Amino acid sequence: MAPLSLQSPIDLTSPITRADLPPLDFRYPAGGVAATAEFRVANGDPIDGRPRAVPQVVVTPPAGAAELRIDGRAYALQSLHWHSPAEHAVHGRRPPMELHLVHAGPDGGILVIGVLYTVGPANPALAPVFDRLGALRGSPSVDVPDLDLAGLLPPPGSRASYRYQGSLTTADDEGRFREGVQWVVLRHRVAAGPAQLDAHRALADAGRPNPPGSARDLQPRAGRPILTDG
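Scoring rules and cut-offs
Residues numbered from 1 in each chain as written. Predicted model: local features only at pLDDT ≥ 70, side-chain atom pairs only at ≥ 80, totals over all residues. Heavy atoms only, no water. Helix = DSSP H or I, 4+ residues; strand = E, 2+ residues; numbered from the N terminus. Rg over C-alpha atoms; globule rule 2.2 N^0.38 Å. Contact = heavy atoms within 4.5 Å. Areas by Shrake-Rupley, 256 points an atom, 1.4 Å probe, with all protein chains shown as cover. Buried < 20%, exposed > 50% of the residue type's maximum accessible area, 1.4 Å probe, protein only. Arc of directions from axis to C-beta. Pairing = 2+ DSSP bridges. Lys, Arg positive; Asp, Glu negative; His and termini not counted. Salt bridge = Lys/Arg side-chain N within 4 Å of Asp/Glu carboxyl O. Polar contact = N/O pair within 3.5 Å; in protein donor to acceptor, adjacent residues only side chain to side chain. Core = buried A, V, L, I, M, F, W, Y, C linked by side-chain atoms within 4.5 Å.

Draft legend 1. Looking closely at the overall build of the chain. Each helix and strand in the chain was counted, giving 3 helices and 15 strands. Relative to the globule expectation of 17 Å for 230 residues, the C-alpha radius of gyration of the chain, 17 Å, shows essentially globular dimensions. Across the chain, contacts joining residues at least 24 apart in sequence account for 70% of those joining residues at least 6 apart. When the accessible surface of the chain is summed, it comes to about 10,400 Å², and 52% of that surface belongs to carbon and sulfur atoms.

Draft legend 2. Helix H3 (residues 194-204), seen in detail. Of the residues making up H3, those classed as buried are Gln196, Leu197, His200, Leu203 and Ala204. One side of H3 holds all its buried residues, which, seen down the axis, span an arc of 130 degrees.

Draft legend 3. Structural detail: the pairing of strand S7 (residues 73-83). As judged from the 2 bridges shared by strand S5 (residues 50-60) and S7, these two strands associate in the antiparallel manner. Along S7, the bridge assignment pairs valine 59 with leucine 80. Bridge count between S7 and strand S9 (residues 98-104): 7 bridges; the pairing is antiparallel. Considered in S9, the bridge of histidine 81 is made with histidine 100.

Draft legend 4. Inspection of the side chain of glutamate 87 at higher detail. Relative to the elements of secondary structure, glutamate 87 occurs in the loop between S7 and strand S8 (89-90). Buried and unpaired, glutamate 87 has no salt bridge, with arginine 94 as the nearest side chain of opposite charge at 5.7 Å. Within the structure, glutamate 87 has its side chain in polar contact with the side chain of histidine 83 (distance 3.4 Å). Setting aside residues up to four positions removed in sequence, glutamate 87 forms contacts with Pro9, Arg94, Glu98, His100, Thr169, Ser214, Ala215, Arg216 and Leu218.

Draft legend 5. Seen up close, the environment of serine 214. With respect to the helices, strands and loops of the structure, serine 214 is situated in the loop between H3 and strand S15 (227-228). Judged by relative accessible area, serine 214 falls into the buried class, the value being 1%. Along the backbone, serine 214 and serine 84 are 130 residues apart, and their C-alpha atoms lie at a distance of 5.5 Å.

Draft legend 6. Structural detail: the nonpolar core. Ranked by size, the top nonpolar core spans 40 residues in total, and within it Leu80, Trp82, Leu101, Ile113, Leu149 and Leu152 carry the most contacts. Those residues in contact with leucine 152 that sit more than four places away from it in its chain are Leu80, Trp82, Leu99, Val115, Ala125, Leu126 and Leu147. With 14 residues, the next largest nonpolar core counts Ala86, Val102, Leu116 and Val185 among its residues.

So, in structure tokens, the structure goes:
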């Protein structure tokens with residue numbers, strides 16, 4: 001079995017190559033999607049031979065609810081979750097939170113959109129999930145009847161991105177972080193309120209006091225190109 005070498009997350013820093021990249025055609029509905037949210041504990045990098053716990057709130061929208069098209073290929077949205085702090089760094093600094101929108105391509109490949117957050121006004125698109133975080137502690141899942149998928153993204157016209165090849169950031173049952181993942185991290189950050197960020201940070205810290213949070217350690221760039229259209 002070949003060693004894993006192109007892992008995620010990484011520091012999105014120089015050198016970054018500006019390129020004529022295929023545009024991102026998000027076909028996300030605005031408002032009113034019924035979804036399900038659940039609390040899961042995924043596997044992270046091992047500490048002392050045991051996997052590090054990675055608490056996550058995973059939201060599953062209805063099949064076919066949304067897709068992303070790039071260069072004529074359709075990637076169906078499978079699920080979404082957050083990490084506190086952000087997994088990717090930008091020029092050495094990690095934002096307070098990052099959203100991952102996980103898509104599956106027609107050939108079974110994985111493409112993940114990363115959305116970075118900054119501290120600001122409360123984000124109404126987060127409210128349908130984040131207002132139910134307390135309920136997730138005592139229930140295997142909760143209904144999210146009014147999720148605005150399009151509202152989770154930066155506005156149209158502000159969706160320039162960093163793109164690179166990497167891996168999943170949580171491990172499978174064999175402790176491997178699947179590679180061959182297309183990463184598209186949007187450059188424009190969206191705001192989340194301090195109370196929203198604190199609520200997710202508290203949940204991400206659950207069962208993981210040392211180190212806190214749910215972000216994987218930064219991985220070596222290993223000579224990979226990082227491309228941008230912005």
